[in-house]
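For reference, the chains in residue letters:
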Amino acid sequence: MIQRHCFVKLADAHAGSRDSIAAELRAELAEAGADATVGVPADESAARWDLAITITAASLPAWHALALTPPIIAVFDKLAARADVVKAWTFRS
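I will try to describe carefully the structure that is included in this document. (Residues numbered from 1 in each chain as written. Predicted model: local features only at pLDDT ≥ 70, side-chain atom pairs only at ≥ 80, totals over all residues. Heavy atoms only, no water.)

1. Quick word on the sheet that holds strand 3 (residues 51–57)
Link 1 in the chain: Taken together, the four strands give an open sheet; going across it, the order is 2-3-1-4, and neighbouring strands pair in antiparallel fashion. Each edge of the open sheet is held by one strand with a lone partner, namely strand 2 (35–39) and strand 4 (83–92). When strand polarity is set aside, the average angle formed by the axes of neighbouring strands in this sheet is 15°.
Link 2 in the chain: Where strand 1 (residues 2–10) meets strand 4, nine bridges bridge the pair, whose relative direction is antiparallel. Each residue of the ladder has a partner; that of Val-8, found in strand 4, is Val-86.
Link 3 in the chain: On the sheet, helix 2 (residues 18–31) packs against strand 1, strand 2 and strand 3 and is oriented at approximately 15° with respect to strand 3.
Link 4 in the chain: Its contacts with the sheet put helix 3 (residues 60–67) on strand 1, strand 3 and strand 4, and the angle it makes with strand 3 is roughly 120°. (Pairing = 2+ DSSP bridges. Helix = DSSP H or I, 4+ residues; strand = E, 2+ residues; numbered from the N terminus. Axes fitted to C-alpha atoms, helices over the stretch in contact; angles between N-to-C directions. Contact = heavy atoms within 4.5 Å.)

2. Re helix 4 (residues 70–82)
Link 1 in the chain: Across its 13 residues, helix 4 extends 19 Å between first and last C-alpha, which sits within 8% of the 18 Å expected from 1.5 Å per residue.
Link 2 in the chain: As for helix 4, its buried residues are in contact with strand 1, helix 1 (12–15), helix 2, strand 3, helix 3 and strand 4. (Expected span 1.5 Å × (residues − 1).)

3. Some words on the environment of Thr-37
Link 1 in the chain: Considering the arrangement of structural elements, one finds Thr-37 in strand 2.
Link 2 in the chain: Look past the residues within four positions of Thr-37 in its chain and what remains in contact with it is Ala-52, Ile-53 and Thr-54.

So this is what it looks like as structure tokens:
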């Protein structure tokens, strides 16, 4: 199993809307076929980031195939327009 973890620092103009952006992302990712969770900081240790996104895929090739689909590209392009920083890492378990 593969997990793609993305941490997002929203641009100042969007930071106040992080809860609604998180809800929007959950819906968009599900519609795009991704098994995903989207979280917001629960305590001060996570306050540096506005959003935490985890997408689960069966394998690395499955993740790469999903990442190249137009719906997923559109979701992350839209997110990038609202973000100052997006960091992402892929782990296997």
